Amino acid sequence: MNRQEIREVILEIIQDIDEDSSIEQLKDDQPLRDQLDLDSMDFLDIVMELRKRYKLQIPEADYPELASLASCVNYLEPRLQDV
Amino acid sequence: MPHYDQVIIGAGLSGLAAGIRLARFGSKVLILEKHGVIGGLNSYYTRQGRLLETGLHAMTNYAAPGLKHAPLNRLLRQLKISRKEISFCEQFRSTILFSGGQSLGFTNDPACLADEVARLYPGEAENFKNLVDLVRNHDPFKPRPWSSAREKLREFLGDQRLIDMLLWPVMIYGNSNEHDMDFDQFVIMFSALYLEGMFRPAGTIRDFLQLLLDHFRAAGGELRLRAPVARFGIEGARVTTVVLENGEEISAGQVISTAGYPATLGFMGQGKPAISAPYEGRMSFVEIINVLPASVRRELQHGGETIVFFNFDEPFDYRCPDEAVNVNCGVICFPDNFHDLPPREEMQIRVTHPANYRLWRGFSPEEYSEQKRFWVERSAAVVAETIGNYRRNILYQDVFTPVTVERYTGKVHGAIYGSPAKIRDGRTPLANLFVAGTDQGYLGIVGAMLSGVTMVNQHIFSESQE
């Protein structure tokens, strides 16, 4: 997947977690947590969804890499390049 | 031998929630339920064509839709259940009633209780506000040793009666300790009851359970009814198989048990660690369900309220009674008194009192029936003094004792709130066995479900990453 596709997957997962979230207004470089008002239980869902879809194991130590939309894409790009 | 990634023991609310959470992300999950119906402590049965609910009086932790961090909304997101799938019916109003006619009312608006405290104890209004601030800012899930809620309350409030009145609903809706309770548990329950409030789904508990089961099955989960567990097969410090009473063996990667801590350790057989007394709860209850024509409501005092928490004992003490039942304190619940429920021709009055399990257990079959009649009569006399004479209108009545509860729920000694010693982190002596539900320290229906979800998040989803 390319960067744009990865970004869309993340947005889709977020929308799926919280149907009320307004993903159109998300700023790529700002922390998702502040913009979406979600908590750590919700963020676990992003990790679990990526695992379910792409068999991708994200160790807990790497969770900070998923802080913003831009950092998610940076982190996932090499890991999802063959998907 | 069939193999599952996870086997969950018990199709109560914590087991179903754990099951949905696991199945959602592709685990192969099996829930084993020993009874023919699901729900555990919050279930139902039918008599004379009427569906009667067990357990459920009201759900606590009401939250409006936009409050993303509220436990109810977090729970629904974790289970991927849309709020649109449930109609939320909020309580009318409830009352805490003590001897001498002293009462405090509360609704789902926390300002109501604050006003009531100020009305009854003008000098305590500011203190109560400070207590509420403390509760709001206290994280009850941070691991800490047991600390006395009473002691903490005395730091804030001067009047012992006010402390007792505030404690009574919190205690009877979920405290397994006698006399006092853990401050963290107090904070959880105080928020759930007084700050968030009570509601129920518009349908019956059967509808609610069916909704959960539908989600579980849609995600690929499997349920087996009438499948009581006999023991675990153990290798080293791990469960390898769950063995049913009929001898059937099921291989399991991990096991989540909602059967209660003592019963769960019991499945370990010979090798089980000795259970010390504190794991056996002493708080159990009798419940009397009365069905009446709905028209009776207008004639009753408190007939327009949802729940009356009454105590006429002086001094108030939350404890296992010396007699079979303590009729001087209890809960009168009008389960039809929630906003937006469809109108019905019949109404219920449910009365709950603390009871003594050992005495009920010891009665012979004849004594048992006789004692039931005797205590129902005693209870009705006290309740009639509070709400008026409802007895002449009873269409149907049923009574649960602690022995009934033990038989139908597997809760040792009928202790619905489980062991006073809580297993907060859900860990057991076996590395891949976890407990969820009653003995894990969360309370109420929303709490039970969050317990299932949290155990999955903490132990299953994070463990497989190690």
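Placed above this text is the structure.
So, how was this worked out
- Residues numbered from 1 in each chain as written.
- Chains lettered and ligands numbered in written order.
- Predicted model: local features only at pLDDT ≥ 70, side-chain atom pairs only at ≥ 80, totals over all residues.
- Heavy atoms only, no water.
- Buried < 20%, exposed > 50% of the residue type's maximum accessible area, 1.4 Å probe, protein only.
- Helix = DSSP H or I, 4+ residues; strand = E, 2+ residues; numbered from the N terminus.
- Pairing = 2+ DSSP bridges.
- Axes fitted to C-alpha atoms, helices over the stretch in contact; angles between N-to-C directions.
- Contact = heavy atoms within 4.5 Å.
- Phe/Tyr/Trp six-rings, centres within 6.5 Å; stacked < 30°, edge-to-face > 60°.
- Lys NZ or Arg CZ within 6 Å of the ring centre and 35° of its normal.
- Core = buried A, V, L, I, M, F, W, Y, C linked by side-chain atoms within 4.5 Å.
- Disulfide = S-S within 2.5 Å.
- Buried area = accessible area lost by both parts, 1.4 Å probe.
- Salt bridge = Lys/Arg side-chain N within 4 Å of Asp/Glu carboxyl O.
- Polar contact = N/O pair within 3.5 Å; in protein donor to acceptor, adjacent residues only side chain to side chain.
- 1 Å grid on protein atoms, 1.4 Å probe; cavity = no way out; pocket = protein on both sides within 12 Å on 5 of 7 lines; lining within 4 Å.
- Points joined across faces, edges and corners; volume = space filled by probe spheres on them.
- Nonpolar A, V, L, I, M, F, W, Y, C, P; charged D, E, K, R; others polar.

K.L.:
Sorry if this is basic, but what is going on with the pairing of strand β15 (residues 329-333) of chain B here?
P.N.:
Each regular strand shows side chains that alternate between the opposite faces of the sheet. Residues and elements named next belong to chain B. Burial within β15 is extensive, with five of its five residues counted as buried. Across the two faces of β15 the burial is the same, with C329, V331 and C333 and G330 and I332 all buried. Alignment of strand β14 (residues 307-311) against β15, held across five bridges, turns out to be antiparallel. Looking at β15, one finds that V308 is bridged to I332.

K.L.:
Can you help me understand the sheet that holds strand β13 (residues 284-293) of chain B in this one?
P.N.:
Remark on secondary structure: sheet strands pair via backbone hydrogen bonds, oriented parallel or antiparallel. Residue and element names in this part refer to chain B. Reading across from one edge, β7-β6-β14-β15-β16-β13-β17 is the order of the seven strands in this open sheet, with mixed pairing throughout. At either margin of the open sheet sits one strand with a lone partner, and together these are β7 (103-106) and β17 (396-400). Adjacent strand axes in the sheet meet at a mean angle of 15 degrees when their direction is disregarded. Bridge count for β13 against β17 is five bridges, and the pairing is antiparallel. Residue pairing across strands places V291 opposite Y396, the latter belonging to β17. Contacts from helix α6 (residues 160-172) reach β6 (94-98), β7, β13, β14, β15 and β16 (346-355) within the one sheet, and its direction differs from that of β6 by about 125 degrees. Of the strands in this sheet, β6, β13, β14, β15, β16 and β17 touch helix α11 (residues 365-387), which is tilted by about 115 degrees from β16.

K.L.:
Help me out: how do you make sense of the environment of B:A114 in this one?
P.N.:
Tracing the backbone through its elements, the reader meets B:A114 in helix α3 (residues 110-120). Residue class for B:A114 comes out partly exposed when judged on its relative accessible area of 30%.

K.L.:
Sorry if this is basic, but what is going on with the packing of aromatic side chains here?
P.N.:
Two aromatic rings, taken as a pair, are described by how far apart their centres are and by the angle between their planes. Residue and element names in this part refer to chain B. Enumeration over the complete set of coordinates arrives at 19 aromatic pairs over all chains. Arranged with centres 6.3 Å apart and planes meeting at 55 degrees, the rings of F128 and F190 form a pair that is tilted. Of this pair, F128 sits in helix α4 (residues 125-137) while F190 sits in helix α7 (residues 183-196), and the two are 62 residues apart along the sequence. When its relative accessible area of 3% is taken as the criterion, F128 is described as buried. Owing to a relative accessible area of 0%, F190 belongs among the buried residues under this scheme. For the pair F190 and Y194, a centre-to-centre distance of 4.9 Å together with 75 degrees between the ring planes defines the contact as edge-to-face. Here F190 pairs with Y194, and both are found in helix α7, just four residues apart, close to one helical turn. Ring-pair connections join several aromatic residues into one group, and the members of that group are F106, F128, Y173, F183, F186, F190, Y194 and F309. The ring of F183 carries the charged tip of K152 above its face, separated from the ring centre by 5.9 Å. For the cation-ring pair, R206 lies above Y44, with the distance from its terminal atom to the ring centre recorded as 5.7 Å.

K.L.:
I would appreciate a short explanation of the nonpolar core in the present structure.
P.N.:
What tends to happen in soluble globular proteins is that the nonpolar side chains get buried as a cluster. All names here are of chain B. F208 and M449 are the most contacted members of the largest nonpolar core, which has 52 residues in total. For this core, the element with the most residues is helix α13 (residues 444-461), which contributes ten residues. Apart from the residues within four sequence positions on either side, F208 is in contact with L13, M59, I86, P201, I445 and M449.

K.L.:
Explanation requested: the state of the cysteines in the structure shown.
P.N.:
By definition, a disulfide links the sulfur atoms of two cysteines through a covalent bond. Residues and elements named next belong to chain B. Counted under the stated rule, the structure contains zero disulfides over all chains. With no disulfide of its own, C329 has C320 as its nearest cysteine by sulfur position, at a separation of 11 Å. Taking relative accessible area as the criterion, C329 reaches 2% and is therefore assigned buried.

K.L.:
Can you walk me through the interface of chain B and chain A in this structure?
P.N.:
In many reports, interface size means the accessible area that the parts give up when they come together. The partner chain A presents 22 residues to the 20 residues of chain B that form the contact. Overall, the association of chain B and chain A removes approximately 1800 Å² of surface from exposure, summing both partners, and the carbon and sulfur fraction of that is 42%. Between B:R74 and A:D39 there is a salt bridge, with its nearest N and O atoms 2.7 Å apart. At the boundary of chain B with chain A, the tally comes to twelve residue pairs in polar contact (both at pLDDT 80 or more). Looking at the side of chain B that touches chain A, the elements that each hand over two or more residues are α1 (13-24), α2 (71-79) and α13 of chain B.

K.L.:
Just checking my understanding: could you explain empty space enclosed by the protein for this structure?
P.N.:
Rolled over the atoms, a probe as big as a water molecule pinpoints where empty space is left. Enumeration over the complete set of coordinates arrives at three cavities of 30 Å³ or more. Each pocket or cavity is described by its volume, and for the second largest cavity that value is around 60 Å³. Per-class residue counts for the lining of the second largest cavity are ten nonpolar, no polar and no charged.

K.L.:
Explanation requested: unusual backbone geometry in the structure shown.
P.N.:
Of all residues except glycine, most have a negative phi; of all peptide bonds, most are trans. In this model, B:E314 is joined to B:P315 through a cis peptide bond whose omega is -10 degrees. With respect to the helices and strands, B:P315 occurs in the loop between β14 and β15. The phi dihedral of A:D37 falls on the positive side, at around 60 degrees, and the residue is not glycine. Along the chain, A:D37 turns up in the loop between α2 (32-36) and α3 (40-54). The backbone of B:N61 sits at a positive phi, close to 65 degrees, despite the residue not being glycine. Here B:N61 lies in the loop between β4 (50-53) and α2. Residue B:N61 is classed as buried on the basis of its relative accessible area of 8%.

Don't take any of this as a statement about function, it's just geometry.
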